[in-house]
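Close look at the chain arrangement
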Number of protein chains: 2
Amino acid sequence: MYRTHTCGELNAANIGQTVTLCGWVQKTRELGGMAFVDLRDRYGITQLVFDADKPELVQQVKAIGREFVIQVEGKVIERESKNSKMATGDIEIAVIRLTVLNPSEVPPFTIEDNTDGGDDLRMKYRYLDLRRSAVRKNLELRHKFAFEVRRYLDEHGFLEIETPVLVNSTPEGARDFVVPSRMNPGQFYALPQSPQTLKQLLMVSGIDRYFQIVKCFRDEDLRADRQPEFTQIDCEMSFIEQEDILEMFEGMSRHLFKALKGIDLPKLPRMTWADAMKYYGSDKPDTRFDMRFVELMDVMKGHGFGVFDSAAYIGGICAKGAATYTRKQLDQLTEFVKRPQIGAKGMVYARVEADGSVKSSVDKFYTQDVLQQLKAAMNAEPGDLILILSGDDAMKTRKQLCELRLEMGSQLGLRDKDKYSCLWVIDFPMYEWSDEEQRLMAMHHPFTSPKPEDIPLLDTDPASVRANAYDMVINGVEVGGGSIRIHDAKLQQKIFEILGFTPEQAQAKFGFLMNAFKFGAPPHGGLAYGLDRFVSLFAGLDSIRDCIAFPKNNQGRDVMLGAPGEIDQKQMDELQIKVDLKK
Amino acid sequence: MYRTHTCGELNAANIGQTVTLCGWVQKTRELGGMAFVDLRDRYGITQLVFDADKPELVQQVKAIGREFVIQVEGKVIERESKNSKMATGDIEIAVIRLTVLNPSEVPPFTIEDNTDGGDDLRMKYRYLDLRRSAVRKNLELRHKFAFEVRRYLDEHGFLEIETPVLVNSTPEGARDFVVPSRMNPGQFYALPQSPQTLKQLLMVSGIDRYFQIVKCFRDEDLRADRQPEFTQIDCEMSFIEQEDILEMFEGMSRHLFKALKGIDLPKLPRMTWADAMKYYGSDKPDTRFDMRFVELMDVMKGHGFGVFDSAAYIGGICAKGAATYTRKQLDQLTEFVKRPQIGAKGMVYARVEADGSVKSSVDKFYTQDVLQQLKAAMNAEPGDLILILSGDDAMKTRKQLCELRLEMGSQLGLRDKDKYSCLWVIDFPMYEWSDEEQRLMAMHHPFTSPKPEDIPLLDTDPASVRANAYDMVINGVEVGGGSIRIHDAKLQQKIFEILGFTPEQAQAKFGFLMNAFKFGAPPHGGLAYGLDRFVSLFAGLDSIRDCIAFPKNNQGRDVMLGAPGEIDQKQMDELQIKVDLKK
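The structure displayed is predicted, hence computed values, not measured ones. (Residues numbered from 1 in each chain as written. Chains lettered and ligands numbered in written order. Predicted model: local features only at pLDDT ≥ 70, side-chain atom pairs only at ≥ 80, totals over all residues. Heavy atoms only, no water.)

A word on the packing of aromatic side chains
Scanning the entire structure with this criterion turns up 44 aromatic pairs over all chains. Between B:Phe305 and B:Phe308, the aromatic rings sit 4.8 Å apart at their centres with planes inclined by 70°, giving edge-to-face as the arrangement. Like B:Phe305, the residue B:Phe308 is buried in the burial classification. Over the face of the ring belonging to A:Phe289 we find A:Arg405, whose NZ or CZ atom lies 4.0 Å from the ring centre. B:Arg292 extends its terminal NZ or CZ atom over the ring of B:Tyr279, reaching a point 4.5 Å from the ring centre. (Phe/Tyr/Trp six-rings, centres within 6.5 Å; stacked < 30°, edge-to-face > 60°. Buried < 20%, exposed > 50% of the residue type's maximum accessible area, 1.4 Å probe, protein only. Lys NZ or Arg CZ within 6 Å of the ring centre and 35° of its normal.)

Dropping the structure here:
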């Protein structure tokens, strides 16, 4: 061992001890013939002192720069000017020996919480970026998070079972990454988008309670919060009903919040998907703040304002205390909702003045009497700002209003990253209509069970059938979701029919699972959490990237490793494939 | 919840309770108007009784077959004829309600510990194979094993950090699996053979103590004990010396043996690689039994037996108590060592008779006096059998003698799967000569540090340089291995030179790691265990396959999933690749 202690553990109790420390030079400074070095490792920073009466040591310090790796031997002494912000701030090390273990070139950016390095540079030198405690702390949190997940599930009888990474290409879902097989020329493995079918097979195997923290892969065009490889906490249980799953995993979240954040999570409210859409315009409502949608068709329609009179939906939100918004701020909000990503045509606002009167942007169409009805409907008080959107497609308009609500929540400081609001969204629809495919598509996946009471509707109105499917939502982020699966072959057959598969197509696509189900499938269900997102939320991060040690950029590249890259002709010959670039 | 209890937990304390159980029908039988069902789940088997006075229930039982999934409600009653072999053997359930949750076709093989299913059938229906407790127990053990690994490493300050699966193709080592990148046409990711370079980068990052239980991939032709994807316990530490690594991971093994097998592992002996080769002809000696090699050049050479007189190596083993071996058994041993996989030319034996005299197969060349010297050299006693091999290549002959020793160990019952003998093999050579490449190759990998005292030999006799490399060996299986890495850029440069890389080649192949090392690499080292092997050993398995939920066969196929398989032309067009089958 090169050291007796780490740079994070020495304190007043160690005064007088002779110790050896190792680490990286955070900074050096000289003062009246003395020298000081802040020595850093994963565990903290310790101040080193080189006394003026040891000039050869002070000379050595002059030769070392930032990020040199050094080893020092010295005596723990009390600091004259203590630093209560540092764990080691009561002491310093009077150095008697200094060894340079490895020099360092000047790093391309400063290794500080507030670094001067831009994103690209930090990604290229990710190994230096990870030295910053702001980034490293996320990895520490991720480690603890995964460990506590495992502890909880182990205590509840779940077995972690590794499923293969080299699997078969799955029908439906996103695009697969594929791997050419050398031993089976012309054939390809696929990397799993999730172990969905494999975990269902494990239920057929009688494993009863399965989980896995597992890498999954999707070859999709990347957005800010997506990575081509991501990590799931994948879980499945047998002989259970939806209630059992919700209980079990609410318990897991409670355990995680307590163990990692010291937060006692209250009982999770449950909101139907229909209510979530109605009141928040989203299946993952941010419930840290209220500002629910109020439908205003009754109040605002039929008063001669053409936009509203022709609308299929009119809805408003009440921003408490925002009546002070200036014309400029309101114009910016209008611009915000008119951006192509949101797509609203315009926005109507109404202020509740101190005297209780309402002043709106469409005053010429509405009497004060109607505006007072609006105020009442919105439950608005003096000082509040009412914002209204309308449109000819209720669902689309709700989604626009959702964006406006979230923006107002942010502007009013209602989306505190240290506050957590968790809920279950339940009763998802079984199907959603695909304009592209011109057919009903499974909203979750084709093995999701309908709610038993809705089964008769499969024949008459499949689009209205609700599923035994559920999502866990925290602060507007879907951290996990799942469903009860169909274990009845006949019901499964009917679901496939509704999805437009012939029995032959169903067999071709899902044959191995359907065959397995012939040999005694238990009732089962489960869910999967996105570990990256869940950890990001705990870490208060805007992007999942900073809780991933070596993330990829938006082009799917690891700029540090230089992956992907070209491969040898020999390798392609062995695989019997060819690159065939489009002109 | 479909049940109040599992099939493994009811006992005499539950008598009188009304319970609901679910599970699979192991077997049914009728007896004098009554019916009995053995109901099975992951947790055990419980006997169900259907009383003759409930004929409609007995009738229901007649309609159910093996592997049906059923739910029963009933009363826990005391069994008349108790079965002390079963955890639930004191009770049975007097059933009052039976519900078939799912029927089952007749399974293609029996779901029993001793099944009638062959390997291929079991692999095709792996989900049924996993219902057998003999297989399921291995997965349970694997779960516990991995959990205890994590517990130990977490307690010792290691962070589990996920490294990417989509990486760059690595030079040296085995063949990579590659993944064409759609977003970067013509370029490929590689799947990691191990996270070796990434964990070294994490040390450069100051992570200090890293581990990961991680899938690794090698596209090699498969042997019995190899899978294209396998799982490593991958570990690395900073500011340590070899001794620290050995201590830390000896501690982990001790923890695992205690927690999972109830075994107090003694302090692990350490054997140099040179001694392992000299005394066991293997770098992974099975030390459950002694039977060490004795070199017999001094004793047996120069007596006119041409085979020995011309040999570069003569070595023997003493099989205690095997003097009773018949001529036929000895002939079979000779055939064994002459098989092409082993390649010996022949075998000489000598029996020590009850009166102490020695009788050998080459008596005409040796006086009893010489044979007594042989007996003394071999430390043989009356009743022992001495087996001798010779050859013109010492290393090859030792390897042949190793095979003979292991075979004798097996024949004499000295390789008990419930007995564990663990050791460290240390001081591996840095290099081994490659006949194929006609150059020295890194025995471990090119980042392995030489022993400091051997560094001067790098210039004069590189082949004799020993490395700070070590393997953990249990019962003749290498369960893990690693090394101290080079952190000094100049030394690394020299090692590359010896391996025959120009500075340009070294930069091209290992550039990103070398660049990282310029910014302050700490002294570091680590090791990796093969989880599949380690668990197999704990489970007493001959093959790693049975501790893997969904293994692949020798052609790299998952016959259950049908992977690999063909993919759509559309997918290939998107990836801009083509299959190009050799004629």
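More follows now that the structure is in view.
Looking at the pattern of salt bridges
Taken as a whole and judged by the stated rule, the model has 96 salt bridges over all chains. Close ionic contact of A:Arg175 with B:Glu574 constitutes a salt bridge, the shortest N to O distance being 2.8 Å. Of this pair, A:Arg175 sits in the loop between strand S6 (159–160) and strand S7 (178–180) while B:Glu574 sits in helix H17 (residues 569–575), each in a different chain. Assessed through its relative accessible area of 27%, A:Arg175 is described here as partly exposed. A salt bridge links A:Arg288 to A:Asp286; the shortest N-O distance between them is 2.7 Å. Here the salt bridges do not stand alone but share partners, grouping A:Asp119, A:Arg122, A:Arg126, A:Asp129, A:Arg132 and A:Asp546 into one network. (Salt bridge = Lys/Arg side-chain N within 4 Å of Asp/Glu carboxyl O. Helix = DSSP H or I, 4+ residues; strand = E, 2+ residues; numbered from the N terminus.)

As for a positive patch on the surface
Together, A:Lys578, A:Lys583, B:Lys578 and B:Lys583 make up a positively charged patch on the protein surface. By the secondary structure assignment, A:Lys583 is in the segment after strand S23 (577–579). Since its relative accessible area comes to 95%, A:Lys583 is described here as exposed. (Patch = residues over 30% accessible without salt bridge, like charges linked within 9 Å, V, L, I, M, F, W, Y side chains within 5 Å. Areas by Shrake-Rupley, 256 points an atom, 1.4 Å probe, with all protein chains shown as cover. Lys, Arg positive; Asp, Glu negative; His and termini not counted. Charge placed at Lys NZ, Arg CZ, Asp CG, Glu CD.)

Concerning the domain arrangement of chain A
By domain assignment, chain A separates into domain 1 (12–102), domain 2 (136–271 + 422–547) and domain 3 (289–411). Look at where the C-alpha atoms of domain 1 of chain A and domain 3 of chain A centre, and you get two points 61 Å apart. (Domains from an automatic or database assignment.)

Describing the packing of helix H10 (residues 327–338) of chain B against helix H12 (residues 394–411) of chain B
All names here are of chain B. Packing of H10 against H12 leaves a shortest axis separation of 10 Å and a crossing angle of 140°. Between H10 and H12, the crossing angle belongs to the class labelled oblique. When you trace H10 past H12, the crossing you get is right-handed. Of the residues in H12, those touching H10 at Leu333, Phe336 and Val337 are Glu403, Leu404, Glu407, Met408 and Gln411. (Axes fitted to C-alpha atoms, helices over the stretch in contact; angles between N-to-C directions. Parallel < 35°, antiparallel > 145°, perpendicular 65-115°, else oblique. Left-handed = near helix turned anticlockwise from the far one by under 90°. Contact = heavy atoms within 4.5 Å.)

A look at the relation of the copies chain B and chain A
By a simple turn and slide, chain B fits onto chain A: the slide is 0.0 Å along the axis, the RMSD is 0.1 Å, and the turn is 180°. Look at the turn and shift together and you get a two-fold axis relating the two. By residue overlap, the copies meet face to face through one surface: 100% of the interface positions of chain B are interface positions in chain A. (Least-squares fit on C-alpha atoms with pLDDT ≥ 70 in both.)

Details of the environment of B:Phe257
All names here are of chain B. Mapping Phe257 onto the fold places it in helix H6 (residues 242–261). Along the primary structure Phe257 and Phe538 are separated by 281 residues, whereas in three dimensions their C-alpha atoms are 8.5 Å apart. What Phe257 contacts, discounting residues up to four positions off in sequence, is Gly262, Ile263, Leu265, Tyr420, Cys422, Ile474 and Phe538.

Here's the deal with the sheet that holds strand S16 (residues 385–391) of chain B
Residue and element names in this part refer to chain B. Sheet architecture is open: 5 strands sit in the order S12-S13-S16-S14-S15, paired in antiparallel fashion. Only two strands of the sheet have a single partner each, and these edge strands are strand S12 (294–295) and strand S15 (358–360). Summarising the sheet, strand S13 (residues 313–319) and S16 pair through 7 bridges and their orientation is antiparallel. Looking at S16, one finds that Ala319 is bridged to Leu385. On the sheet, helix H11 (residues 368–378) packs against S12, S13, strand S14 (348–352), S15 and S16 and is oriented at approximately 100° with respect to S15. In this fold H12 packs onto S12, S13 and S16, with an angle of close to 10° to the strand it touches most, S13. (Pairing = 2+ DSSP bridges.)

Structural notes on the interface of chain B and chain A
At the junction of the two partners, chain B supplies 125 residues and chain A supplies 125 residues. Interface of chain B and chain A: buried area, both sides summed, is about 11,300 Å²; carbon and sulfur atoms make up 59% of it. Counting across the chain B and chain A interface gives 12 salt bridges. A salt bridge links A:Glu162 to B:Arg142; the nearest nitrogen and oxygen atoms lie 2.8 Å apart. The interface formed by chain B and chain A includes 73 residue pairs in polar contact (both at pLDDT 80 or more). (Buried area = accessible area lost by both parts, 1.4 Å probe. Polar contact = N/O pair within 3.5 Å; in protein donor to acceptor, adjacent residues only side chain to side chain.)

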